[in-house]
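Take a look at the letters that make up each chain.
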Amino acid sequence: MDAPLDPKRTIVELKDLRRLTSDERGAQRVAFTPTWARARAWLREKLESLPLKVHTDAAGNLWATLRGESERSVLIGGHIDSVPNGGWLDGCLNTLAGLECLRRIHAQYRGRPPVTIRLVDWADEEGARFGRSLFGSSACSGTLPLEEARGLVDRDGITLPQALAEHGIIFDRVNDAQQELHHVAAYLELHIEQGPVLLDRDLPLGVVLGTFGVERHTITFHGQAAHSGSTPMNRRRDALLAAAQMSPEIYRIAERHGGVCTIGSCTTEPGIVTSVVERCRITLDQRHLDAPALQRMLADARDASARFAREARVDVAWERLARIDPQPFHNDLITLADEVVRETCGQSHQLPSGPLHDAAEMARAGVPTVMLFVQSLLGISHNALEDTKEEHIELAVGALDRLAERTIAWVKSQTPNGQTPKNSQQSPSDQQ
Ligand SMILES: [Zn+2]
């Protein structure tokens, strides 16, 4: 069988990309900058050297399509953009591993696999410049809030529509990218874990169950400023006394429900050394894979804040900053991924993803989705220290490739004879 998957080539390409787009502080492939464009041109050249149809969609996502017997397609995704001073693997590992899978599939099926295989390099996953992540994939899934995005401005006062125009993307048309999903039957993504779970378990690979839902609030406790010398302890209405008790409480709440909770900010007023705190404002970020459990975590935090406020004789008010639904991945694909990881390294582990990924947008759009995680050394990412053992990268490329093969068979089994259902429409890439 002519199936030359070469995971070592992926490592060479990752290092080439690092050389091309990093400096001593790390990767500099921030989306819609010249360095990102250089990375994209480099990738495009590789894709165009294969017999693939390559095009950029209305939102700046780069697609490479290997037409199969059926139009139904298996999509492999990644993002070549990085945060400033980023690591050498976040996002681009996914893209380059996907490229290697495409090469193997093309060779094995002599250019005509049973279903269509597509690679997408999403535009601006990180949101590093305009503060909004998942730009390209949310335009594609139809969840990008256009009017909100129109007003985004970078540090130099350049608006998102202006930055897009510099790269040939017309802001008012970005939602046309939704057409790309017409025949997509499954979405796969490999990513570094960016956390320490696999490292702590000494496992190279894991299967991602979905991405966490998020509830993000500010909680403001309001008491009374009073002189620090003349006010007896029993007469104080100390906003910080109530707020501070939230800090250990969220650890108990997270433990009880199995999610994660973070108080990331705390500010006090008047904020001087000689006054009892009148106002204390904290932020609370809560995340869970299970929507009802996330709501229970939120309810517990609300109850606790009311109790602490009562005890300290202060008021408490909540304000929502953000809410994101959990995106559980597809059960069949989780099962396939679990088999593949077991075959690749003897043991599998299933875990949720704390960070959002483009895969969450695909799941949100109703595309059956799953992700693989590969261990991150130090559990660190968004930092030049980010690293993964090369032997683990090789295992990860192999596992993604096996998963792609199983998913091809799974998609084929969904439709008799691998034929496309009658009501599906043509995607723009088919018209080129
Ligand atoms: Zn990433």
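Scroll up to find the structure.
Reading guide: rules and limits
- Residues numbered from 1 in each chain as written.
- Predicted model: local features only at pLDDT ≥ 70, side-chain atom pairs only at ≥ 80, totals over all residues.
- Heavy atoms only, no water.
- Donors = N, O, S within 2.8 Å, 3.2 Å for Na, K, Ca; no water.
- Helix = DSSP H or I, 4+ residues; strand = E, 2+ residues; numbered from the N terminus.
- Buried < 20%, exposed > 50% of the residue type's maximum accessible area, 1.4 Å probe, protein only.
- Polar contact = N/O pair within 3.5 Å; in protein donor to acceptor, adjacent residues only side chain to side chain.
- Contact = heavy atoms within 4.5 Å.
- Expected span 1.5 Å × (residues − 1).
- Pairing = 2+ DSSP bridges.
- Right-handed = clockwise from strand over helix to strand, strands pointing away.

S.K.: Sorry, what's going on with the coordination of the zinc ion here?
M.R.: In ideal tetrahedral geometry, four donors around a metal make angles of 109.5 degrees, whereas ideal octahedral geometry with six donors gives angles of 90 or 180 degrees. Taken together, the protein ligands of the zinc ion are His 79 (NE2), Asp 90 (OD) and His 191 (NE2), with distances of 2.0 to 2.2 Å. Spacing between the donor residues of the zinc ion along their common chain follows H-x10-D-x100-H. Of this pair, Asp 90 sits in the loop between strand 5 (70-78) and helix 3 (92-108) while His 191 sits in strand 7 (residues 184-192); the two residues are 101 residues apart in sequence, bridging distant segments of the chain. Judged by relative accessible area, Asp 90 falls into the buried class, the value being 4%.

S.K.: Honestly, unusual backbone geometry in this entry has me stumped. Any pointers?
M.R.: Excluding glycine, residues mostly have negative phi values, and the peptide bonds linking residues are mostly trans. Pro 270 follows Glu 269 through a cis peptide bond whose omega is -5°. Along the chain, the position of Pro 270 falls in the loop between strand 10 (260-269) and strand 11 (279-288). Positioned with a positive phi, Leu 134 is a non-glycine residue whose angle comes to about 60°. Positionally, Leu 134 belongs in the loop between strand 6 (115-121) and helix 4 (135-141). According to the relative accessible area criterion, Leu 134 is buried, its value standing at 4%. With a phi angle near 55°, Arg 313 is a residue other than glycine that sits in the positive phi range. Along the chain, the position of Arg 313 falls in the loop between helix 9 (291-312) and strand 12 (315-324).

S.K.: Would you mind going over the side chain of Asp 338 with me for this structure?
M.R.: Locating Asp 338 in the fold gives a position in helix 10 (residues 331-345). Within polar-contact distance, the side chain of Asp 338 engages the side chain of Gln 350 at 3.2 Å. Not counting the four nearest positions on each side in its chain, Asp 338 is found in contact with Val 207, Ser 348 and Gln 350.

S.K.: What is the right way to look at helix 3 in this model?
M.R.: One turn of the α-helix equals 3.6 residues, which is why residues spaced by three or four share an orientation. Between the first and last C-alpha of helix 3 there are 24 Å, a value that for 17 residues agrees with the 24 Å anticipated at 1.5 Å per step. For helix 3, the tally of buried residues reaches 15 of 17 residues, placing the bulk of the element in the interior. Two residues or fewer past helix 3, Arg 110 is found with a positive phi of approximately 50°.

S.K.: Looking at this model, I keep getting lost on the pairing of strand 6. Mind explaining?
M.R.: Note on strand geometry: in a regular strand, side chains alternate between the two faces of the sheet. Taken across its 7 residues, strand 6 has 7 buried, putting it largely inside the fold. Alignment of strand 4 (residues 62-66) against strand 6, held across 5 bridges, turns out to be antiparallel. Opposite Leu 62, over in strand 6, you have Asp 121 as the bridge partner. Strand direction decides the pairing type here: strand 5 and strand 6, joined by 7 bridges, are parallel. In the strand pairing of strand 6, Ile 76 is matched with Leu 119. Once you follow strand 5 into helix 3 and on to strand 6, the crossover reads as right-handed.

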